[in-house]
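Take a look at the letters that make up each chain.
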Amino acid sequence: MLRNTLARSAAAASLALSLALGATSAQAQTEIHWWHAMGGALGEWVNDLAKGFNDSQKEFKVVPVYKGTYDESMTAAIAAFRAGNAPHILQVFEVGTATMMAARSAIKPVGEVMTQAGFKFDPAVYIPAVVGYYTAPNGQMLSLPFNSSTTVFHYNKDAFKAAGLDPDKPPKTWPEVALAAAKLKASGHKCPFTTSWISWTQLESFSTWHNTLFATLNNGFGGMGARLALNSPLHQRHFENLANMSKQGLFIYKGRNNAADATFPSGECAMMTGSSGLYGAIRRNAKFASGISTLPYYPDVQGAPQNTVIGGASLWVMAGHKPEHYKGVANFFAYLSRPDVQAASHQRTGYLPITLAAFKQTEDAGFYAKNPGTDVAVTQMIRKTTDRSRGIRLGNFVQIRTIVDEETEQIWAGKKTPKEALDSAVRRGNEQLERFEKANAGKK
Amino acid sequence: MEKRVRFRSAWLPWALLAPQLAIISIFFFWPAAQALLQSVQMQDAFGTSTEFIGLENFRRLFNDELYLYSFRVTAVFSLLVAGFGLIIALVLAVFADRAIRGASFYKTLMVWPYAVAPAVAGVLWLFMFAPSIGMVSFWLRAAGFDWNHLLNPDHAMALIVMAAVWKQISYNFLFFLAGLQSIPRSLIEAAAIDGAGPWRRFWTIVFPLLSPTTFFLLVINIVYAFFETFAIVDAATQGGPGRATTILVYKVYYDGFKGMDLGSSAAQSVVLMVIVITLTVVQFRYIEKRVQY
């Protein structure tokens, strides 16, 4: 008898429990899947951002998934989209912007997502040069800038002192860079100057910094009929100078993409133009005093220095999901844009803040005073952009960058003159642009 | 005696074959058919617009001087890899065949590189030869030879050939060793008694009797050099400098997965497939005639 009662009450209790649990799981959170390409310390930053958002509200849950490098995660998302399984948010690097924009039916513009969820969207709070890259000609924001870096000039202060140069007066112009390199070489330095991401630093950012076109139609913002303009006299002159420096052993080529990044913190190369995002690695690994300065320019070019171009990635919203997911995405993006969140991210990673308020907050907190050089990246970008300096939007940009890598390598190897190499790069790059135009013809 | 197996039931052979057929269809025929289909289409990256363009992809490929250059690079690369791989493995197998003491020790050392993944092999050799930090490049520079595979195309080609050959020697070595050990000792002894020196013995007796193995390995090595060396190229040189190490299969990967141009990539795949099929057919028809079984 007792056993019977016990069994029955146990059954009743478990039934009640499962009903209660069932009730709470019926109000399950809407999951937002975010595919990204941030590994290591940056991956932890991503996870912390998601956790911060998830803890701040109960309705949505952002689930970040690391999918490999930038192009691996983009390929994965494309395959998933074709299988009807796309994530909600995808982090895409800046060179993939035109590809994403051309896939109009595959993406949902961020501006649309935000306004549809009821958020007031004011473009004026964003830093122009950062946001302009990802904005449509009509002013609609297509993707949310997430981790934007820009090109800066890293230099080894200890090597400067040893060469008799003033460590607090870094070279600001290209002629000064050549002079400094000569002094460094004379003092026995094997690698006075190098660069990473050669297309980004020496052609793309170089162009916007000098308010010169990298490609026609306002660097592609004006339409898919844009063609490369990187063999103009100014670009040729710059590469002639680099070729001379290379012949004299003042500029040493250290490989494609960011292969050269390892040579600066290790002390092998004394000066390097590269990403502002290298700051964290330098701080952790460099055993010497280092400084950050603005990208060098030619003082006789009118309009220089204008602003540099951003690198890094932005967050795109994929099409084909339910409205409540888009509401979650909008809430998450609003959270990411909060000044305190932005300021914390900026100080933690060295990536640019996307709003002016975040920059002000960081400045008022004395961060830039305590960490000199970290504001260089931002001050290069807080300028009013011109039509020629807003950014670059070209299709098949990944191939174009490789073409530039291939052609410029021939210059350093002594196989082509700068004029031949740049002309060849323009010719081959234009083929890619024509193909992109044809493949996306008839689409807006 | 009847050598063929006779099945009395009509469905049992098919049932037994079914798993293998399924695997071949899913992992070979289906992707091959898809590649053929995509090679005559032009798509945007997301597949939202597909346009049938006939042989346009192929026409554009063969008008691209860089694609034709890739042919040359691949031909040079595969000849070097197959040639060095076979010769070095044969020499090592002949030595290992004669070793009496420590034979299994040598054989183990010869064989383990085969277990190394191609990408790992590429990175290994990259580290040894890295112009700034590699040990071998350091010694080369101390000896007066300026190694820089980042800028010198011949150095880059040498690097990937070395990595590819190193990996493949084990495989060739195993087969050559087995082939050598299947040659009857009596033949060699008889030739020695008749006064033939070791060089003569090798060329007139051993090498002809090894010809089935050599032929088989030649086919395998060419296919290896065409396809399985992709990971080595990706890890070591990424096709650079310029285009000096962009073998055909690397270009397929690059155009398809980095460039998102699936039509051109599929067209290149189809061309590669035709090349390797042709090579294999040629090898079987003409060279096999000279093989003495």
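Throughout this document, residue positions are counted from 1 along each chain, in the order its sequence is written. Naming scheme: in the order in which they are written, chains are lettered from A and ligands are numbered from 1. Only residues with pLDDT of at least 70 are given local features in this predicted model, and only at 80 or more are side-chain atom pairs given and counted; all residues enter the totals for whole chains, interfaces and linings.

> Break down the overall build of chain B for me, with residues and values.
Secondary structure elements are taken from DSSP: a helix is a run of H or I of four residues or more, a strand is a run of E of two residues or more, and numbering for both begins at the N terminus. Within chain B, the regular secondary structure consists of 13 helices and 2 strands. Dimensions of chain B, computed from C-alpha atoms along their principal axes, come out at roughly 75 × 75 × 30 Å. When the 293 residues of chain B are sorted by exposure, 35% land in the buried category. Across chain B, contacts joining residues at least 24 apart in sequence account for 69% of those joining residues at least 6 apart. Exposure is read from a count of other C-beta atoms within 10 Å of each residue's own; the residue is exposed at 12 or fewer, buried at 20 or more and partly exposed in between. C-beta atoms are placed from the backbone. Two residues form a contact once the distance between their C-beta atoms, set from the backbone, is within 7 Å.

> Describe helix α14 (residues 339–349) of chain A, and please don't skip the residues or the numbers.
Among all positions of α14(A), only Q342(A), A343(A), S345(A) and H346(A) are buried. Projected down its long axis, α14(A) carries its buried residues within an arc of 165°, all on one side. Each direction from the helix axis to a C-beta atom contributes to the arc, which is the arc of those directions.

> Give me the lowdown on the interface of chain B and chain A, citing residues and values where you can.
Taken residue by residue, the interface counts 20 residues in chain B and 26 residues in chain A. Here the nonpolar group is Ala, Val, Leu, Ile, Met, Phe, Trp, Tyr, Cys and Pro; Asp, Glu, Lys and Arg are the charged ones; every other residue, Gly included, is treated as polar. Per-class residue counts for the side of chain B that touches chain A are 8 nonpolar, 9 polar and 3 charged.

> Residues and numbers for the nonpolar core, please.
Residues and elements named next belong to chain A. Nonpolar cores are built from buried Ala, Val, Leu, Ile, Met, Phe, Trp, Tyr and Cys residues. These are joined into a set through C-beta atoms within 7 Å. Among the nonpolar cores identified, the biggest contains 137 residues, and V130, A181, M271 and V329 are the most heavily contacted of them. For the domain bounds, the source is a domain assignment made automatically or taken from a database. If you count residues domain by domain, this core takes at least three from each of domain 1 (30–148 + 310–381) and domain 2 (150–309 + 390–439). Discounting chain neighbours no more than four positions away, the residues touching V130 are P145, S148, I310, L352, I354 and M381.

> Any details on unusual backbone geometry? Residues and values, ideally.
Residue and element names in this part refer to chain A. A cis amide bond links A304 with the next residue in sequence, P305, at an omega value of -10°. Mapped onto the elements, P305 comes out in the loop between β8 (290–293) and β9 (310–318). Its identity is not glycine, yet L217 carries a phi of approximately 55°, on the positive side. Assignment of secondary structure puts L217 in helix α10 (residues 216–219). Given 17 C-beta atoms within 10 Å, L217 falls into the partly exposed group. Despite not being glycine, N396 has its phi angle at roughly 50°, a positive value. Residue placement: N396 occurs in the loop between α17 (376–381) and α18 (397–412).

> Any chance you could break down the pairing of strand β5 (residues 144–156) of chain A for me, citing the residues and the numbers?
The side chains of a regular strand alternate between both faces of the sheet. Residues and elements named next belong to chain A. Most of β5 sits out of view: 13 of its 13 residues are buried. As paired strands, β5 and β9 are joined by 6 bridges and run antiparallel to one another. The partner of P145 across the bridge, within β9, is S314. Paired strands, as defined in this entry, are two strands with at least two bridges between them according to DSSP. Bridge count between β5 and strand β7 (residues 269–275): 5 bridges; the pairing is antiparallel. Paired with Y155 across the strands is M271, a residue of β7. Pairing between β5 and β8: 4 bridges, direction antiparallel. Paired with F153 across the bridge in β8 is S293.

> An account of helix α10 (residues 211–228) of chain B is requested, with residue identities and associated values reported.
All names here are of chain B. A helix is expected to span 1.5 Å multiplied by its residue count minus one. For α10, with 18 residues, the first-to-last C-alpha span of 24 Å sits near the 26 Å given by 1.5 Å per residue. Inspection of α10 places T213, L217, N221, Y224, A225 and F226 among the buried residues, and these make up the whole buried set. Tucked inside the fold, the buried residues of α10 contact α3 (65–98), α7 (153–181), α12 (248–258) and α13 (262–287).

> Quick rundown of the packing of helix α5 (residues 118–129) of chain B against α7(B)? Include the residues and the values.
All names here are of chain B. Every axis in this analysis is a line fitted to C-alpha atoms, fitted for helices over the stretch in contact. Angles between the N-to-C directions lie between 0 and 180 degrees. At a minimum axis separation of 9 Å, α5 and α7 run at an interaxial angle of 130°. Here α5 is positioned oblique relative to α7, judged by the angle of their axes. Seen along the crossing, α5 lies across α7 with a hand that is right-handed. Note on element contacts: α7 touches α5 through L159, M162, A163, W166 and K167, opposite P118, A121, G122, W125 and F129. Throughout, the term roughly parallel applies to angles under 35 degrees, roughly antiparallel to angles over 145, roughly perpendicular to angles from 65 to 115, and oblique to all others. Helix crossings are classified by the rotation of the near helix relative to the far one: an anticlockwise turn of less than a right angle makes the crossing left-handed, while a clockwise turn makes it right-handed.

> Give a detailed account of the packing of α14(A) against helix α15 (residues 356–364) of chain A, specifying residues and quantitative values.
Residue and element names in this part refer to chain A. Where α14 contacts α15, the axes come no closer than 8 Å and their chain directions differ by 65°. For α14 against α15, the interelement crossing comes out right-handed. Each of P339, D340, Q342, A343, H346 and Q347 in α14 lies in contact with α15, whose residues at this interface are A357, A358, Q361 and T362. By residue class, the composition of the contact of α14 with α15 is 4 nonpolar, 5 polar and 1 charged.

> Now, about the domain arrangement of chain A: what can you tell me, with residues and values included?
All names here are of chain A. As assigned here, chain A comprises domain 1 (30–148 + 310–381) and domain 2 (150–309 + 390–439). Computed from C-alpha coordinates alone, the two centres of domain 1 and domain 2 are separated by 27 Å. Taken together, the contact pairs 23 residues of domain 1 with 26 residues of domain 2. Elements supplying a minimum of two residues to the side of domain 1 that touches domain 2: α4 (97–102), β9 and α17. In terms of residue class, the side of domain 1 that touches domain 2 is made up of 13 nonpolar, 9 polar and 1 charged.

> Describe the confidence of the model for chain B, and please don't skip the residues or the numbers.
With 97% of its residues at a pLDDT of at least 70, chain B reaches an overall mean of 88. Among the scores for the predicted complex, ipTM is 0.72 and pTM is 0.79. A residue's pLDDT is the predictor's confidence in that residue, given on a scale from 0 to 100.

> So, the environment of L184(A): which residues are in play, and what are the values?
All names here are of chain A. With respect to the helices, strands and loops of the structure, L184 is situated in helix α8 (residues 174–186). Separated by 117 residues in sequence, L184 and V301 place their C-alpha atoms 27 Å apart. In this view, L184 contacts A159, A163, H189, P192 and A270; residues no more than four positions away in its chain are not counted.

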